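# Summary of the model geometry
Chain residues, written in single-letter form:
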Amino acid sequence: MSIQKIDGVTLEVMKNAFHTIAEEMGITLIRTAISTNIKDRMDCSTAIYTKEGELVAQAEHVPLHLGLMPSVVKEVLKIFPTSELKQGDAILINDPYISGSHLPDIFMISPIFYEGELVALAANIAHHVDVGGLVPGSMSVKATEIFQEGLRLPGVRIVREGIIDNELLRLIEKNVRTGREVVGDIYAQLAANNVAEKRMIDLIDRYSVDHVFASMKEIMDYSDRRMKAAISNVPNGSYQFEDVIEGDGITDDLINVKVNVHIRDEEIEVDFTGSSKQAKGPVNSTHGVTNACVYYALKSILDSEVPPNSGTYRSIRIIAPKGTIVNPNFPAAVSNANVNTSQRITDTIFGAIAQILPEESMAACAGTMNGFAIGGFNADEDEYFSYVETYGGGQGGLIDLDGMDGVHTNMTNTLNTPVEVIEQTYPLLVNRYGLVDGSGGPGKHRGGLGLMRDIKLLGDDFTVTLMSDRQKLSPWGLFDGDGGQNSACTLVTPEGEREELSSKVTITAPKGSSIILSTSGGGGYGSSYERDPEAVLQDVILGNITLEQAKDQYGVVIDAENRTVNESETERIRSCVEA
């Protein structure tokens, strides 16, 4: 291969060309999928790699996938060396101890050939609504080993030289509750990779193989240079932070996540030594998930615009001791780590870096993806169903902005399923859906509000699983900001009796029951007594806080009748506190 010089303009053109291919893959996957989790919530990601398995470009869908994608293809190439790959092959894998994610996340990897030469790899990841295991949704909070969590695919050719292996596809279909959806989504994944192959061939036709190879290398080197430059602007030093997870689903014992971030010139070392030993329950974070959290947090803080690829993370070293909550030994259960532990790992990194870069950090967000699954037999459709969703919460306040209300934060970027889609697809009725007033942590810039959804079960003996956190300990505030309101979940029986559910629970509920899930608000940034009284007034008018909260939490007295701030009383209350 001849060495080609890639100038700045050409670099930008090629960078966007690769990114556009990844984006078109994502659009194809979403528009051809069957399950609501992919076609409506967009819980998937797509990417282009070099033929050696280096990530070149990724569609920016789910931040958790942002960090998983760089490593999974290299691991698969250890099982299927490039010399054994054939044109038209497609490989499926979901084994967490290879792929890094939990079992519902199934990766598909396809080689791309040009005139008989392997030139690139296409890969995508999609969260399937069921892969077997103890409960619908395949994320049991009671699993104690990976074997209880569902069907493991350790790397299998689902397509051989363009011929789909229908026997393997049938094996998968018969080992999950929602076979029609799972098989349909696998076909959607295949369609996405087929689009990547066509577009890469078009790109090479327009330029050349050598030009594409040289561009791939330069794009990764460019990201490396940008990340090194960003790190070099941070003062050398070590910054620590610690946070907890509220139990593992088996016990309520607090689980510590401890981080020490070391800055040394153009390199960062993130050390989790001192974190709790691996848990018995399914909150253990694989090394891949832990890496993803580190990559996301540092990229967000240091240079959010740097193109995500393998070069972006060359200057980052991660120490995750084996046998701990951030790197468990096989066969530890891991399914709930994606929705809970990943968020806590990210919180600790933001907390550590806030000590040195307060202007780039934010208070704690909701702190959990609030995983929620309902499944059972849908008598009207004569088939099993699995409703799986993660619920947004409050974003943490920032130095110059309030946190956003009711959004997915940090490691998740999926959408909330529309009410109409839920009711049309599942035997469920949404009684209420909205924001949790007053749940944002008070601060100069308040935390975002949590979400509330009240869902009624229209069938008998449905299995309900909640995978949440922050019921006991609030998402923390920064620089005198206060914590957000805790999450909560209530079961209301057909007779009207109410039962408060723990954050990690599986129950069987009778027909007519309702589940009311309220997610936590984000933490506040800065002292609440420094908040602009007019901003407090707007919060009261919009129903975000009450008159009493305005006075008690912000020291702002509001004339309810005239909708104005009582400036003299506000000044008196605030001056007393300051004194």
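In what follows, the structure referred to is the one given above.
These notes cover the structure that comes with them. Think of each chain on its own: its residues are numbered from 1, step by step along the sequence as written. With pLDDT at 70 or above as the cut-off, local features in this predicted model cover only qualifying residues; side-chain atom pairs require 80 or more to be listed or tallied, and sums for whole chains, interfaces and linings still use all residues. Only hydrogens and water are removed before side-chain values are computed, so all heavy atoms of the structure are retained for them.

## Examining helix α3 (residues 63-79)
At M69, α3 is deflected by roughly 40 degrees, the largest bend along its length, and proline P70 occurs up to four residues later in sequence. Between buried and exposed lies partly exposed: a residue is buried under 20% and exposed over 50% of the maximum accessible area for its type, with that area taken using a 1.4 Å probe on protein chains only. By definition, any uninterrupted DSSP run of H or I lasting at least four residues is a helix, any uninterrupted run of E lasting at least two residues is a strand, and each is numbered from the N terminus. Those residues of α3 that sit buried are P63, L64, H65, L66, G67, L68, M69, P70, V72, V73, V76 and L77. Fitting one axis to the seven residues ending at a residue and another to the seven starting there, the bend at that residue is the angle between the two axes.

## So, empty space enclosed by the protein
Any residue with an atom within 4 Å of a point lines the site, the site being either a cavity, points on a 1 Å grid over the protein atoms alone where a 1.4 Å probe fits but cannot get out, or a pocket, an open set with protein on both sides within 12 Å along at least 5 of 7 lines. Grid points are joined across faces, edges and corners, and a volume is the space filled by probe spheres set on the points. Enumeration over the complete set of coordinates arrives at three cavities of 30 Å³ or more. Considered as a void within the structure, the largest cavity measures approximately 150 Å³ in volume. For the largest cavity, the lining is made up of 18 residues, of which D43, H102, H127, M369 and T390 are closest to its centre. Breaking the lining of the largest cavity down by element, the ones donating at least two residues are α3, α9 (337-353) and β13 (383-390). By residue class, the composition of the lining of the largest cavity is seven nonpolar, eight polar and three charged. By volume, the second largest cavity is sized at about 40 Å³. Around the second largest cavity sit M108, I158, V159, I164, L169, I186, Y187 and L190, which together line it. Elements represented by at least two residues in the lining of the second largest cavity include exactly β6 (156-160) and α6 (179-206). In terms of residue count, the dominant contributor to the lining of the second largest cavity is α6 (three residues). Three categories are distinguished: nonpolar for Ala, Val, Leu, Ile, Met, Phe, Trp, Tyr, Cys and Pro, charged for Asp, Glu, Lys and Arg, and polar for the others, with Gly belonging to the last.

## Points about the pairing of strand β3 (residues 90-93)
In β3, alternate side chains face the same way, and those of A90 and L92 on one face and I91 and I93 on the other are all buried. DSSP-based pairing: two strands are paired if at least 2 bridges between them are found. Bridge count between β3 and β6: three bridges; the pairing is antiparallel. The partner of I91 across the bridge, within β6, is R157.

## Focus on the nonpolar core
Among buried residues, the Ala, Val, Leu, Ile, Met, Phe, Trp, Tyr and Cys ones that are joined through side-chain atoms within 4.5 Å form a nonpolar core. By size, the foremost hydrophobic cluster in this structure holds 73 residues, and its most contacted members are Y49, F272, L302 and I349. Whether two residues touch is decided by their heavy atoms; if any such pair falls within 4.5 Å, the residues are in contact. Discounting chain neighbours no more than four positions away, the residues touching Y49 are E54, L55, V56, M69, P70, V72, V73, A120, L121, A123 and M216. By size, the runner-up hydrophobic cluster in this structure holds 33 residues, among which are A17, F18, C44 and L203.

## A short note on the packing of helix α1 (residues 8-32) against helix α7 (residues 209-232)
Between α1 and α7, whose axes approach to 10 Å, the crossing angle comes to 95 degrees. Taken together, α1 and α7 sit at an angle that is classed as roughly perpendicular. Between α1 and α7, the contacting residues are T10, L11, M14, K15 and F18 on the first element and H211, V212, S215, M216, E218, I219 and Y222 on the second. Looking at side-chain class alone, the contact of α1 with α7 contains seven nonpolar, three polar and two charged residues. Axis angles are defined between N-to-C directions and span 0 to 180 degrees, where every axis is a line fitted to C-alpha atoms and, for a helix, only to the segment in contact. Every angle not falling under 35 degrees, over 145, or within 65 to 115 is termed oblique; those three ranges are roughly parallel, roughly antiparallel and roughly perpendicular.

## With respect to the packing of helix α5 (residues 166-173) against α6
Two numbers describe how α5 lies on α6: the axes approach to 9 Å, and their chain directions differ by 140 degrees. Between α5 and α6, the crossing angle belongs to the class labelled oblique. Across the interface between the two elements, N166, L169, I172 and E173 from α5 touch G179, V182, V183, I186 and Y187 from α6. In terms of residue class, the contact of α5 with α6 is built from six nonpolar, two polar and one charged.

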